[in-house]
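Structural features, examined
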Amino acid sequence: MMRAVVYDKPFSVTVKEVEKPKILHPDDIIVKVTTSCICGSDLHMYEGRTAAKAGIVFGHENMGLVDEVGQGVTLLKKGDRVVMPFNVACGRCLNCEEGKSAFCTLVNPGFAGGAYGYVAMGPYPGGQAEYVRVPFADFNALLLPAGTEHEEDFALLADIFPTGWHGVELSGFRPGESIAVFGAGPVGLMAAYSAVLRGAAEVYVVDRVPERLAKAKEIGCTPIDFGASDPVEQILKLRGGKEVDRGVDAVGYQATTGDGKTEQPNAVIEGLIRVVRPTGGLGIPGLYVPSDPGAPDAASAKGYISFPFGKLFEKGLTIGTGQCNVKAYNRYLRDLIISGRAKPGFVVSHNVSLNEAADAYEKFDKRIDGYTKVLLHP
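Residues numbered from 1 in each chain as written. Predicted model: local features only at pLDDT ≥ 70, side-chain atom pairs only at ≥ 80, totals over all residues. Heavy atoms only, no water.

Describing the layout of surface pockets
- Roughly 310 Å³ of volume is contained in the second largest pocket.
- Its residues placed into classes, the lining of the second largest pocket shows 13 nonpolar, 4 polar and no charged. (1 Å grid on protein atoms, 1.4 Å probe; cavity = no way out; pocket = protein on both sides within 12 Å on 5 of 7 lines; lining within 4 Å. Points joined across faces, edges and corners; volume = space filled by probe spheres on them. Nonpolar A, V, L, I, M, F, W, Y, C, P; charged D, E, K, R; others polar.)

Pasting the structure below:
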């Protein structure tokens, strides 16, 4: 048996004893988890805004040490330090061969892609636990330098650093351009940081939480408080009326109006269409779901989001969407960390033990006590 973070009901998780994973296929490894992160997308399940059922073990951002090795694994050995993309992928289907591992068609039939510890994304228990099983391990586990150096930075390779980079990539960004990132949660801050690393001339970051906006300012971005007034108007005023070249939605379907309480699922998409110049691009890594039991209206409950398509068409804007193909980026971002050129760990606010997970979820969900990115350590 082992300890793991288990979903009970909306706004309730508990650290419980569950069965320790076993090798089920020759290509599997078992990893002894050293760090697992709480992700903003975990909050969608935590808040009861998905079809997640009681008993699911959370955790799709996982790293640790190889503890057991299946007979078919050839690139890894016991004791290796590894980090796993949140995507569970086979490495063999058409999409995986084309580098689109987030949309693997083998690991979760009937759904585009698989992940650890996430509703509808396959039979893969999460890693907010002492151990996690990694299928197709030679493909899914990224080897890291031995030791404990860069633990916070490397942990972010599982999801948010590649996902932020992916959001910028989806927008069609080129060095020297300006970009607006809506949302300064972990993914939004990583998108802004990625834009800085990639040579953005100006980066605007929209949020209403003071700690998040302060983090954006620390990395050289211009913070925009949408709780004060219309963020688009603020950006246009700062730019003398000029729109930005690119925009990133790092919020998703639980977007709100300026009060931070009234949900408006199309708020960010509408804002991006307004603030991005004609023929510019929008990158949307923020999560949108096909059904939402807690949606504010009947249409969005079924995954239908309205937005001004006419203005989108008039401006000739391009849109890139979808989950991040972590494998397309993680080894390069790892090497940026090793070289000292990237230090994404600045976004981490708290390191806590696995036993403190329930309290950490509550504080992260309420955006209190400076909880911006939480790392759990079994």
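Focus on the UniProt feature "domain: Alcohol dehydrogenase-like N-terminal" (unreviewed entry) in the protein
- Per the UniProt entry, the sites bearing "domain: Alcohol dehydrogenase-like N-terminal" (unreviewed entry) are residues 26-137 in this numbering.
- Taken end to end, residues 26-137 is 11% helix and 27% strand, and its two terminal C-alpha atoms sit 10 Å from one another. (UniProt positions renumbered as here; feature names shortened; annotations may be inferred. Helix = DSSP H or I, 4+ residues; strand = E, 2+ residues; numbered from the N terminus.)

Comments concerning the nonpolar core
- In terms of nonpolar packing, the biggest core is built from 66 residues, with Leu-157 and Phe-161 touching the most fellow members.
- Here the element with the most residues in this core is helix α6 (residues 186-197); it accounts for 7 residues.
- The contacts of Phe-161, once residues within four sequence positions are left out, are Leu-156, Met-190, Tyr-193, Ser-194, Leu-197, Leu-333, Ile-337, Ala-342 and Pro-344.
- Counting 22 residues, the second largest nonpolar core, distinct from the first, contains Val-33, Cys-93, Val-107 and Tyr-124. (Core = buried A, V, L, I, M, F, W, Y, C linked by side-chain atoms within 4.5 Å. Buried < 20%, exposed > 50% of the residue type's maximum accessible area, 1.4 Å probe, protein only. Contact = heavy atoms within 4.5 Å.)

Quick word on the packing of aromatic side chains
- If you walk through the whole model with that rule in mind, you get 8 aromatic pairs.
- With 5.8 Å between their ring centres and 50 degrees between their planes, Phe-58 and Tyr-361 make a pair best called tilted. In this pair, Phe-58 sits in the loop between α1 (40-46) and β4 (62-69) while Tyr-361 sits in helix α13 (residues 357-366), placing the two residues 303 residues apart along the sequence.
- For Phe-58, a relative accessible area of 0% corresponds to the buried category.
- Centroid distance Phe-161 to Tyr-193: 6.3 Å. Interplanar angle 35 degrees. Geometry classified as tilted. Of this pair, Phe-161 sits in helix α5 (residues 160-170) while Tyr-193 sits in helix α6; the two residues are 32 residues apart in sequence, bridging distant segments of the chain. Here Phe-161 and Tyr-193 have matching classes, each one buried.
- Three or more aromatic residues joined by ring pairs form one cluster here, namely Tyr-7, Phe-11, Tyr-46, Phe-58 and Tyr-361.
- Seen from the ring of Tyr-131, Lys-20 lies directly overhead, with NZ or CZ sitting 4.2 Å from the centre.
- The ring of Phe-139 is capped by Lys-327, whose NZ or CZ atom sits 4.4 Å from the centre of that ring. (Phe/Tyr/Trp six-rings, centres within 6.5 Å; stacked < 30°, edge-to-face > 60°. Lys NZ or Arg CZ within 6 Å of the ring centre and 35° of its normal.)

Points about the UniProt feature "domain: Alcohol dehydrogenase-like C-terminal" (unreviewed entry) in the protein
- According to UniProt, the feature "domain: Alcohol dehydrogenase-like C-terminal" (unreviewed entry) maps to residues 186-256 in the numbering used here.
- Overall, residues 186-256 shows 41% helix and 23% strand. The separation of its end C-alpha atoms is 17 Å.

Observations regarding the pairing of strand β3 (residues 29-38)
- Along β3, 8 of the 10 residues are buried, which leaves the element largely enclosed by surrounding structure.
- Note: β3 against strand β8 (residues 131-134), 4 bridges, orientation antiparallel. Within β8, the residue paired with Lys-32 across the bridge is Tyr-131.
- Both β3 and strand β17 (residues 374-377) contribute to a ladder of 3 bridges, which runs antiparallel. Directly across from Ile-38, in β17, lies its bridge partner Val-374. (Pairing = 2+ DSSP bridges.)

A closer look at helix α8 (residues 231-238)
- Of all the positions in α8, only Pro-231, Val-232, Gln-234, Ile-235 and Leu-236 are classed as buried.
- In this structure, the buried residues of α8 make contact with β10 (178-182), β11 (202-207), β12 (222-225), β13 (244-249) and α9 (267-275).
- Where α8 begins, the side chain of Asp-230 points an oxygen toward the backbone nitrogen of Val-232, at a separation of 3.0 Å. (Polar contact = N/O pair within 3.5 Å; in protein donor to acceptor, adjacent residues only side chain to side chain.)

Describing the sheet that holds β13
- The parallel open sheet is built from 6 strands, whose spatial order is β12-β11-β10-β13-β14-β15. A strand with exactly one partner marks an edge of an open sheet, and here the two such strands are β12 and β15 (318-321). Looking at each pair of strands side by side, their axes are set apart by 20 degrees on average, direction ignored.
- In this structure, β11 lies alongside β12, joined through 4 bridges in parallel fashion. The residue of β12 that forms the bridge with Val-206 is Ile-224.
- Docked against the sheet, α5 engages β10, β13, β14 (276-284) and β15, running at close to 150 degrees with respect to β14. (Axes fitted to C-alpha atoms, helices over the stretch in contact; angles between N-to-C directions.)

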